[in-house]
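Each chain is listed here by its residues.
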Amino acid sequence: MTKLALVFSSDPTRYATDGAKISYATSYLSGSAADWFEPHLNKATAAIRLTRYEAFVRALKNAYDDPDAQAIAERKLHNLKQGNKDCSAYHAEFCTDTATLNYDDMTKISFFSNRANQHLKTALSYQASPPETFDEFVQLCIKLDNRVKQLRSQTHRPAHTGPAPAPRPSSTPVPAPSTASGTAPGPMDLSQADRTSRKRGPLLPKLRKYRQENHRCMYCGGSGHWASACPLSSKPKRVNTAQTTPTPPQEEPTTGDKPLYEVAKN
């Protein structure tokens, strides 16, 4: 019916009579609708028994229109909610559901505002004198909804978009790199080497020679004990009284000194 009304209004001269309108409308009927119209047509004279276009529309609606269209539209309207949709999209759905309902402007305004989302309801609560016509009320709601979305986008925008500040230096002093392994410049601390290592490998020749010449433990590098009694060793300790205190090396007389008995003789 909507398309027919558009065609008739676009060329009122051609479709000036009811007969022309009915003939044009029935030419597009097919299937069960064509079977329904066949008794209204005199095949011998091609005359249509329905002489008024309004009567034709009424007969067609009685045959195919939904008899409970108003109840269905009301049920859709009660289930309609704006949600996250724009107010313009919400208004389009609202008009579709209320097309068959003869509601006045105040009833439409009440339904429209009650089914809006909470942000739009809050914005409407600040309006002291909202419009009383539905079309003007909808235009106000669309403007408020757009404004609310704009403010929400500005609120959720990060306040600072520049580069992150450089981290502040820590006040905790950083220990100097160890020179026990000899990888950093400076004297090698041979006495502390391998003390904290869980798994000790073979000693370097230079380190072994140093510990032998200075009578140090071959396991940890400490003094006052041997490797067999080292407190840091995980092996069973074998205490030897002869080895608890290392015997200092005997100084050999130089070849240039004379024996004491010879000095006494002279």
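This text goes with the structure placed above it.
Nothing here was measured: the structure is a model prediction, and the numbers come from that model.

What about a negative patch on the surface?
Alright, step 1. A contiguous patch of negative charge on the surface is contributed by Asp104, Asp105, Asp135 and Glu136.
Alright, step 2. Relative to the helices and strands, Asp105 is located in helix H7 (residues 105-114).
Alright, step 3. For Asp105, a relative accessible area of 35% puts it in the partly exposed group.

Considering the packing of helix H6 (residues 87-97) against H7
Alright, step 1. Where H6 contacts H7, the two axes come as close as 11 Å, and the packing angle between them is 130 degrees. The angle between the axes of H6 and H7 places the two elements in the oblique class. Like other packed secondary-structure pairs, H6 and H7 cross with a definite hand, here right-handed. Residues Cys87, Tyr90, His91 and Phe94 of H6 pack against Lys108, Phe111 and Phe112 of H7.
Alright, step 2. Split by residue class, the contact of H6 with H7 holds five nonpolar, one polar and one charged.

Regarding the side chain of Gln82
Alright, step 1. If you trace the backbone, Gln82 turns up in the loop between helix H5 (69-79) and H6.
Alright, step 2. A polar atom in the side chain of Gln82 sits 3.2 Å from the side chain of Asp145.
Alright, step 3. If we ignore the near neighbours within four places in the chain, the residues touching Gln82 are Cys87, Tyr90, Arg115, Ala116, Asn117, Leu120 and Asp145.

Focus: the environment of Lys108
Alright, step 1. Within the element layout of this structure, Lys108 appears in helix H7.
Alright, step 2. Distance in space between the C-alpha atoms of Lys108 and Phe137 is 9.8 Å, their sequence separation being 29 residues.
Alright, step 3. Here Lys108 is in contact with Phe94, Tyr103 and Phe134, once residues within four sequence places are set aside.

Thoughts on the packing of helix H2 (residues 18-26) against helix H4 (residues 53-64)
Alright, step 1. At a minimum axis separation of 9 Å, H2 and H4 run at an interaxial angle of 30 degrees. Put simply, H2 runs roughly parallel to H4. Taken together, the residues of H4 that come into contact with H2 (itself represented by Asp18, Lys21, Ile22, Ala25 and Thr26) are Tyr53, Glu54 and Phe56.
Alright, step 2. Residues that form the contact of H2 with H4 fall into these classes: four nonpolar, one polar and three charged.

So, the nonpolar core
For soluble globular proteins, nonpolar side chains are generally found buried alongside one another.
Alright, step 1. Membership of the largest hydrophobic core comes to 22 residues, with the highest contact counts inside it found for Phe94, Phe112, Leu120 and Cys141.
Alright, step 2. Mapped onto this core, the elements with two or more residues apiece are H5, H6, H7, helix H8 (118-125) and helix H9 (134-155).
Alright, step 3. When residues of this core are assigned to their parent elements, the largest contribution, eight residues, is made by H9.
Alright, step 4. In this structure Leu120 touches Gln82, Cys87, Cys141, Leu144 and Asp145, once residues within four positions along its chain are discounted.
Alright, step 5. Phe8, Trp36, Val57 and Leu60 belong to the second-largest nonpolar core, a separate cluster that totals 12 residues.

Digging into the pattern of salt bridges
Alright, step 1. Taken as a whole and assessed by the stated rule, the structure comprises three salt bridges.
Alright, step 2. When the shortest N-O distance is used, the salt bridge between Asp18 and Arg52 registers 3.1 Å. Note that Asp18 is positioned in helix H2 and Arg52 in the loop between strand S2 (47-48) and H4, a separation of 34 residues in sequence.
Alright, step 3. One salt-bridge network, in which partners are shared between bridges, spans Asp18, Arg52 and Glu54.

Focus: the environment of Gln127
Alright, step 1. Relative to the elements of secondary structure, Gln127 occurs in the loop between H8 and H9.
Alright, step 2. Put simply, Gln127 and Leu140 are 13 residues apart on the chain and 9.8 Å apart in space, counted from C-alpha to C-alpha.
Alright, step 3. Dropping the residues within four chain positions of it, Gln127 is found in contact with Leu140 and Leu144.

A short note on the packing of aromatic side chains
Alright, step 1. Across all of its chains, the model carries 17 aromatic pairs by this definition.
Alright, step 2. Ring centres of Tyr53 and Phe56 lie 6.1 Å apart, and the angle between their planes is 35 degrees; this geometry places the pair in the tilted category. Placement of the pair is Tyr53 and Phe56 together in helix H4, with a separation of three residues, close to one helical turn. There is no split in this pair, since Tyr53 and Phe56 are both buried.
Alright, step 3. Taken together through their ring pairs, the aromatic side chains of Phe8, Tyr15, Tyr24, Tyr28, Trp36, Phe37, Tyr53, Phe56 and Tyr64 make up a single cluster.
Alright, step 4. Above the plane of the ring of Tyr53 lies Lys21, whose end atom (NZ or CZ) is 5.8 Å from the centre.
Alright, step 5. Sitting over the ring of Phe134, Lys108 keeps its end group 5.7 Å from the ring centre.

Cut-off values and rules
Residues numbered from 1 in each chain as written. Predicted model: local features only at pLDDT ≥ 70, side-chain atom pairs only at ≥ 80, totals over all residues. Heavy atoms only, no water. Patch = residues over 30% accessible without salt bridge, like charges linked within 9 Å, V, L, I, M, F, W, Y side chains within 5 Å. Areas by Shrake-Rupley, 256 points an atom, 1.4 Å probe, with all protein chains shown as cover. Salt bridge = Lys/Arg side-chain N within 4 Å of Asp/Glu carboxyl O. Lys, Arg positive; Asp, Glu negative; His and termini not counted. Charge placed at Lys NZ, Arg CZ, Asp CG, Glu CD. Helix = DSSP H or I, 4+ residues; strand = E, 2+ residues; numbered from the N terminus. Buried < 20%, exposed > 50% of the residue type's maximum accessible area, 1.4 Å probe, protein only. Axes fitted to C-alpha atoms, helices over the stretch in contact; angles between N-to-C directions. Parallel < 35°, antiparallel > 145°, perpendicular 65-115°, else oblique. Left-handed = near helix turned anticlockwise from the far one by under 90°. Contact = heavy atoms within 4.5 Å. Nonpolar A, V, L, I, M, F, W, Y, C, P; charged D, E, K, R; others polar. Polar contact = N/O pair within 3.5 Å; in protein donor to acceptor, adjacent residues only side chain to side chain. Core = buried A, V, L, I, M, F, W, Y, C linked by side-chain atoms within 4.5 Å. Phe/Tyr/Trp six-rings, centres within 6.5 Å; stacked < 30°, edge-to-face > 60°. Lys NZ or Arg CZ within 6 Å of the ring centre and 35° of its normal.

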